[in-house]
Every structure is written in structure tokens, then in C-alpha cells.
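Take a look at the letters that make up each chain.
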Amino acid sequence: MEILWYLTAPDGRYPWNPKGARKIDYAYMQQLARSVDHLGFSGALLATGPHDTWVLGASLIPYTERMRFLIAVHPGLISPVLLAKMALTFDQFSKGRLLINVVNGDSRALAAYGYHLPHDERYALCDEYLTVWRQLVQGKTVNFEGKYVHVKNGKLALPTVQEPHPPLWFGGSSAAALDVAAKHIDTYLSWGETPPQVAEKIAKLRLLAEQQGRTLRFGIRLYLIVRDTEQEAWDAAEWLLEHMDEESVTKMQGVLSGTDSVGQQRMLGLHGGRIPKTIKDLEIYPNLWAGLGLVRPGPGTAIVGDPETVAARLQEYASVGIDTFILSGIPLLEEAYRVAELVLPLLPVSPTVSQVNNTVLPFTWNNSMREGAPTQLSVNTPT
Ligand SMILES: Cc1cc2nc3c(=O)[nH]c(=O)nc-3n(C[C@H](O)[C@H](O)[C@H](O)COP(=O)(O)O)c2cc1C
């Protein structure tokens, strides 16, 4: 099992409301990245928030040693040749710690950047784009004339650090998305749907990938609300719900309704868009609470419970085929510690394996960390 954290603004005790949002600046991001690195997460997702993902990731390389940066990119916003150059530069400077999250976004959000292709055409572009990108990062000279991408004598001077190239991850739930994923992607991501919904998607994708002669890994993006007891965990969820004011909910649901993202529509379908009468009204599966989707875009579900229950639910996702978890809590910094101390020791967390020479980066979780005993790290020095 591989577990990543989340490194994207906004953040705070209830960041959907200015009163509950904290100041996010470079110092805070450094602190968060250092915590992710130190606590034993294998990396973090840098999603398309207010900061540019490449600048954010690159600026944090010197503050980290082991964590991998899952950088969100929108194909089509910049040339595939430039993106390939950025990837190889980042991979070289971070010593093989780059992961790329290919996201095809939402029409309205992309129109604001001057990018106007409709939903399915974005995936047609993405297919051409990744075809070119994969060849470039493997050192090939590219001449490609497609409907959307036209490159003449594209060639990069840097070699790749990770073989065959920095891994491509991907989130997209529409039919067009699944076809592109099957063809190009290494790890397919879902937002926090229920285990049966995830199992259905995985079965579909495995079939599509098989037709391409490929195999995929699968990941999921979930919030955790974990406390020492079930009651305390549900009380913490209740506290968040109490801080969801009508204005913030109406504003967020207004922004999200009408989205052409199938993944987002699936998330919206889990909560009905209104503040529930009781917290448990939005428990859509045992210990899976859909309330966060009322105020947060993208992933809107949290596993709520004591450490053993949360670990058991994560294991249930693992049993349907998920091997990678991108977790987060509110706020990101404090909850990174809580999750690392309460949940990670209960899971078969894989050490961070560098793609470079398959060496194990120097840190693995040890149960003694949970008990507050003097820390004993399993140190495997990379060769
Ligand atoms: C784990 C995960 C992370 C995502 N991160 C982003 C992101 O950072 N920016 C973004 O615009 N979309 C993000 N998305 C959404 C994708 O952009 C996806 O392409 C979008 O849902 C539209 O595609 P669809 O209609 O095929 O679902 C993410 C999706 C998943 C599952």
C-alpha cells in the first residue's frame, strides 16, 4: 500500500469560509512539505489550486529528501515539448521524485485560461499530447502531425532519470477519459466513491487496459477524519458540519453545478447539495461521509472513525484493487501528524521505492513511532 498526502491551498480549520482559512505562504508550504517528508508519506498531490503546481513543487525540492511530488498538469495549456522539458528538469533536480497527474479539468475553468475545447475533444487532444510527450521523454526525436498537436523535430537534450519516464497518473471518470487512461497511464485515480463503485470502475479499466496490452495501478483520493474513538471522530465531523454556513454551501454548489466533469458530477450525486438534518444522513457507506462535498470541489468524502475502523475501510478499498491512497485531513498540517501517528502504523505501508535503481529511500514506518517510543527508523541507504 502506498500512501500520499495533499499539498494544495486553501487550508485551515474550515477553509471554505474566510474566517476558518489560514494564511498560506511559502513558509507554510515548506512546513507542510517537510512534515509529509518526515512523517513517512510517500509523496503528496499538488493539485491545480491557487499556486502554480510546477513552481510550488520545484520550490520545495530542497526542503525534502524522500517525498515524491505528484504534479497536476492540464494537457493543452502548454506545448507537450515544454512540458516534457519541465518534467525532465524536475526529475533530474529531485533525483527521480516526479510523478505527473494528468487532469483534463472542466470547460468553464479552462476557458478562463483561454483554452476552449469541449469535454471529449480535450481527451482527443490529451491522447495526441501524451503520445508525443512519452516519446520525447524517452529521448526520441518527434515529428507528429495530429488534429491538435503538431510538432516538428521535437527533441530534448536531457536524459530521463526514471525509466521509462516519470510515471503518469490520471483522474477522469468519463468514457473518453477511460479510453485515454487505458492507453497511456500508469496509475488511475478516483475521487472517494464507495468501494463497490470503485470496484466497478476498476473492472472496466482493467478490461480496457488489457485490450491495449497494458496493466494499470489504481489509486483513490479521500479525506480522513480519525480520532481515538468513533464518537470523537463523528464529533469532529459534526464540528465541521456546524461550520458549513449556508452561504459557503450555496456558493460552492453554484460553482460546481453545471460542470462538465463526469467525476465531479459523480461526487455531487453523493450528497444532494443541501446541509443535512443530521450528520449521519450523509453516511453513504459505513464510515464514509459525503458532507465535505458540500463545501469542497473534487473529492467530497471522508472516512470517519477510530484508527482501527479507518484502517479497515482503507483495507476494504485495497481489497477491491486500490493500491495507492492520496489522503488528507482538515487542516492539512495537524491532520498529517494525526494520520501518521494513528493510522499509518496499522497499514502495510510500502517503503518509498525510488524509480532510480529501485533503491529504497531512507525511511519506513515503524510501530514504535506510534507508541511515542524513541524513534527507530529502518534505514536503507540508497546505493
Ligand atoms: C485524484 C484526482 C485529482 C484531480 N485533480 C485535479 C486537479 O488538480 N485539477 C483539475 O482541474 N482536475 C482535477 N481532477 C479532475 C480531472 O481533471 C478530470 O479530468 C475531470 O473530472 C474531468 O474529467 P471527466 O469528465 O472524465 O471526469 C482530479 C481528479 C482526480 C480523480
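Each remark here, short or long, concerns the structure printed above.
Remember, it's a predicted structure, so these values are computed and weren't measured experimentally.

Tallying secondary structure elements over the protein gives twelve helices and 15 strands in all. Its C-alpha radius of gyration of 20 Å places the protein within 12% of the 21 Å reference for a compact globule of 383 residues. Dimensions of the protein, computed from C-alpha atoms along their principal axes, come out at roughly 60 × 50 × 40 Å. The buried share of the protein, reckoned over its 383 residues, is 43%. In the protein, of all internal contacts separated by at least 6 residues, the share reaching a separation of at least 24 is 71%.

Around the ligand, a shell composed of 21 residues is seen, among which A47, V103, G171, S174 and G263 lie nearest. For the shell around the ligand, the secondary structure elements donating two or more residues are β10 (187-191) and α10 (262-268). Partitioning the shell around the ligand into residue classes produces eight nonpolar, twelve polar and one charged.

Here helix α6 (residues 175-184) crosses helix α7 (residues 195-211) at 50 degrees, and the two axes come no closer than 8 Å. With respect to α7, the axis of α6 lies oblique. The handedness of the crossing between α6 and α7 is right-handed. Contact residues: α6 offers L178, D179, A181 and A182, while α7 offers K204, L205, L208 and A209. By residue class, the composition of the contact of α6 with α7 is six nonpolar, no polar and two charged.

Turning to helix α2 (residues 53-60), its buried residues number three or more, namely T53, L56, G57 and L60. The buried residues of α2 occupy an angular sector of 95 degrees when projected down its axis, which confines them to one face. Contacts made by the buried residues of α2 are with α1 (26-39), β4 (43-46), β5 (68-73) and α3 (80-93).

The tendency in soluble globular proteins is for nonpolar side chains to be buried as a group. In terms of nonpolar packing, the biggest core is built from 100 residues, with L7, A44, L46, L224 and A302 touching the most fellow members. Apart from the residues within four sequence positions on either side, A44 is in contact with L4, W5, Y6, L7, V36, M67, F69 and L70.

Before going further, it helps to examine the environment of H243. Within the element layout of this structure, H243 appears in the loop between α8 (230-242) and α9 (246-256). For H243, a count of 16 C-beta atoms within 10 Å puts it in the partly exposed group. Separated by 89 residues in the primary sequence, H243 and L332 have C-alpha atoms spaced 17 Å apart. In contact with H243, other than residues within four places in its own chain, are Y14, N17 and G20.

Analysis parameters
- Residues numbered from 1 in each chain as written.
- Predicted model: local features only at pLDDT ≥ 70, side-chain atom pairs only at ≥ 80, totals over all residues.
- Helix = DSSP H or I, 4+ residues; strand = E, 2+ residues; numbered from the N terminus.
- Rg over C-alpha atoms; globule rule 2.2 N^0.38 Å.
- Buried ≥ 20, exposed ≤ 12 C-beta atoms within 10 Å, placed from the backbone.
- Contact = placed C-beta atoms within 7 Å.
- Near = placed C-beta within 6 Å.
- Nonpolar A, V, L, I, M, F, W, Y, C, P; charged D, E, K, R; others polar.
- Axes fitted to C-alpha atoms, helices over the stretch in contact; angles between N-to-C directions.
- Parallel < 35°, antiparallel > 145°, perpendicular 65-115°, else oblique.
- Left-handed = near helix turned anticlockwise from the far one by under 90°.
- Arc of directions from axis to C-beta.
- Core = buried A, V, L, I, M, F, W, Y, C linked by C-beta atoms within 7 Å.

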